[in-house]
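Here are the chains, one letter per residue:
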Amino acid sequence: MTIDVFWRIPTHGEPSSHRARTPHRGDWFPGDDSRRKPGLAGSGDDGFGYIDYLAEIAHAAEIAGFQGGLIPSFPMTDEPWVISSVLARETTTFRFMIPFQPGFLNPLVAARMTASLQRATGGRALYNVITGAGGPEQLWWGDNVMHDDRYGRTTEFLDVLRGVWQGGPFSYQGRFYQVEDGGLPDPLSREDFPEIYFSGSSDAALASASKHADYYLSWLEPFDKLKAKFDRVKERTAQLGRKIKCAVRVDIVARPTEEEAWEEIRRGFDGLGREVIERFGRPNGSESVGAARQRAGLPASIDSYRDLIIEPNVWSGFALLRGGQTNGIVGNYEQVAERLDQLVQLGADAFILASTPHLEEAYRVGEEVLPLIRGSTGAPALRAVG
Amino acid sequence: MTTEFVWQLPVSGDGRYGEAARTRRGERAGPAHPYSPGVTDPRGQRFNFFDHLHQVARAADLAGFDGIRIPEDPFGDEPWIVAGYVARGTRRLRLITEFAASRGSAVYAAKNAASFQRFTAGRFAWQIHSGGTAAARRVLGDFAGDEAVLPRIEEFVTVARGVLTEAPYSFKGEHFEVLDGGFRGALSGQLVPPVYLSGASEAALRLSARVADVHVFDAASPPEIRAAITRLRALARESGRSVVAGLRIDLVARETEAEAIRDAHRYREQAGQETEAPASTGAGLWQGLNRRGTGAAATLVGSYQQVTEALVDYSGAGVDSFLLSAVPHLEEAYRIGEHLLPAVRSRIDPEHRRVA
């Protein structure tokens, strides 16, 4: 077996360390609306944009040996389709993992965009299909389909995408999508269908994933829970006569010594206001099953960063430092690699790693941690890139 | 406004000089090997048509065009991806990206547009088309009836402008809905993409009068264009707005009239298209010469001087946005940029006239 390791592109802003929110390199960061210029030259218009920094990270990731990177999409971030097409010519092997929700695009348009992006990049596009939390958040995006229907729509969306991919003529009469004699034109139809990383933790999500996903993507959860989840996904998929792989999206802090790694966390935690910590751990009304699963098991009162260590080398406070998913691996290079190996043994076939700042840490993790990953066989197992 | 000159990307392939058949330059996907056995071909699978499209966009930028139109062609590459692909390699060009309002959420389109504006210093623009006949729309997964097409474009533009300029922004219409939307943080305050619309019907003109920045007319004679612009301006005034008039027209411009006519004839014979040459088959406006190739309804054929005069006439009729193309697009971008644009600009634009 082989293991694919991806990096992340910090669309949601980039502080210069885990320890503090300032200074930061983006022109924006949650909670700080003061516009800064992404070049570090000062306040004048230096002609650079945040895309120039993102381009540096993407290139660093491919130089350092990552497959590519996840390009997260949130209401406040730049959009991954644009980033991918804009950086196509500036990268060589970097694979663009594009998260998007089926409700955002007509599947025929998505098919053409994807095939063109494959042509523009030499087949370096892949999807992270997200169905979304539902509720009022969805209407922010201009999408008004309710939660359980939403996975039905995701399934239909991918049905149509696959149907038209090789040229058609393809017709479809779904509840959400219809098409009459559609199909990609040559030479777009010759491109490989992108790999699909599928996110979503509810039963409806698993049903949809089982049909179409190549990888089932989960945030890091307590290891035993994660194993149970992966087992369930693989079992359901096997019932359909398909195989599915599993992937883990996880933040890491890897340092030469374990002390240095935890010191990074301690400083970040100690810089937080009390009210921030108290708000953390309380449910926020989101419908996301994944978010609730991550929060499970936190202690009632959090007094020290140590209270958030939920198992060896796993810290559950990353969302406090920079938002997003909250469980991450902290340790020296060997420890981080060992924990990743452990995840491989319980069913992971791929990782999306992230660490702040993403430029320098891409090199560090690529140089110090990736070579130590043994996978489940004990032999180096990373898939060759490019 | 200063008159703008826009070039076009041949997204589904291009002809060559003396050869109307369309090919995708650089495309190495097929089995055909162009060289004789034994002649080395170092390219492998390294290039495809995207590399050439990038060249065309650069050529337009270098040759002094103000923008480039990236048309939506069902047989070509997808315009938003092409726009992103050429964005970093161009510096000044407005990237006019064509699509239909059936592409998905207007909020999502606006959000992608905000990223484009951030990455291009505000060079991204939209041309929204109707999607063609009902049958053509169904092929593209769009089952809206004919009567819904124009209202949907209007809602699309309304919602996109709303979320780009206001937060919170809510809207509930027939086709689009958004609740407490609008962009904040780095995505806020980005330029709303200028909207180019087209269509000859009264309804299309009325729609443009309400929401378009530019209304693009298909090529026709200067008097016809003048009449259409007069109507557009009257409707825009009723809406308290002004709308720039655009003209989509092709060119066959050569050093001499005779060369231009020869090339136009050859092109017509090779393309096998039903074109109506002018009675004299001389210089002037040829109908339908390259409609299937570039989408232009008509082509100006003549010497540099004749074509320059014709473009100046259109300017006099009220055209402030010229959407031009000519085959092959790379070579012709330089030709038009070198031999026509300076002359036309110096005739119609006081700024240029002073310099010239």
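Everything discussed here concerns the structure shown above.
Re the interface of chain A and chain B
For step 1, the next point in the chain: At the interface, 47 residues of chain A touch 46 residues of chain B.
For step 2, the next point in the chain: For the side of chain A that touches chain B, the secondary structure elements donating two or more residues are helix H1 (50-63), helix H2 (80-87), helix H3 (107-121), helix H4 (136-140) and strand E6 (178-182) of chain A.
For step 3, the next point in the chain: Among the elements that line the side of chain A that touches chain B, the one with the most residues is H3 of chain A, at nine residues.
For step 4, the next point in the chain: Partitioning the side of chain A that touches chain B into residue classes produces 26 nonpolar, nine polar and 12 charged.

Some words on the environment of Glu191 of chain A
All names here are of chain A.
For step 1, the next point in the chain: Inspection of the secondary structure assignment puts Glu191 in the loop between E6 and strand E7 (196-199).
For step 2, the next point in the chain: Considering only alpha carbons, one finds Glu191 and Gln166, 25 residues apart in sequence, at a separation of 8.2 Å.
For step 3, the next point in the chain: Setting aside residues up to four positions removed in sequence, Glu191 forms contacts with Ala115, Gln118, Arg119 and Gly123.

A closer look at the nonpolar core
For step 1, the next point in the chain: Ranked by size, the top nonpolar core spans 220 residues in total, and within it Tyr216, Ala247 and Phe351 of chain A together with Ile68 and Leu324 of chain B carry the most contacts.
For step 2, the next point in the chain: In terms of residue count, the dominant contributor to this core is helix H3 (residues 106-120) of chain B (nine residues).
For step 3, the next point in the chain: Not counting the four nearest positions on each side in its chain, Tyr216 of chain A is found in contact with Phe198, Ala209, Val233, Ile244, Cys246 and Ala247 of chain A.

Digging into the pairing of strand E1 (residues 4-8) of chain B
Residue and element names in this part refer to chain B.
For step 1, the next point in the chain: Extensive coverage of E1 is indicated by the burial of four of its five residues.
For step 2, the next point in the chain: Bridge count between E1 and strand E14 (residues 319-325): three bridges; the pairing is parallel. For Phe5, the partnering residue across the bridge sits in E14 and is Phe322.
For step 3, the next point in the chain: As defined by bridge partners, E1 adjoins strand E4 (residues 67-70) across three bridges and the pair is classed as parallel. Paired with Gln8 across the strands is Arg69, a residue of E4.

Quick look at the packing of helix H5 (residues 146-165) of chain B against helix H6 (residues 202-211) of chain B
A pair of packed helices is characterised by two quantities: the angle between their axes and the separation of those axes.
Residue and element names in this part refer to chain B.
For step 1, the next point in the chain: Closest axis-to-axis distance for the H5/H6 pair is 10 Å, and the angle between their directions is 10 degrees. Overall, the two elements H5 and H6 adopt an arrangement that is roughly parallel. Residues Leu150, Ile153, Glu154 and Val157 of H5 touch H6, and the partners they reach there are Ala203, Ala204, Leu207, Arg210 and Val211.

Definitions and cut-offs
Residues numbered from 1 in each chain as written. Chains lettered and ligands numbered in written order. Predicted model: local features only at pLDDT ≥ 70, side-chain atom pairs only at ≥ 80, totals over all residues. Contact = placed C-beta atoms within 7 Å. Helix = DSSP H or I, 4+ residues; strand = E, 2+ residues; numbered from the N terminus. Nonpolar A, V, L, I, M, F, W, Y, C, P; charged D, E, K, R; others polar. Core = buried A, V, L, I, M, F, W, Y, C linked by C-beta atoms within 7 Å. Buried ≥ 20, exposed ≤ 12 C-beta atoms within 10 Å, placed from the backbone. Pairing = 2+ DSSP bridges. Axes fitted to C-alpha atoms, helices over the stretch in contact; angles between N-to-C directions. Parallel < 35°, antiparallel > 145°, perpendicular 65-115°, else oblique.

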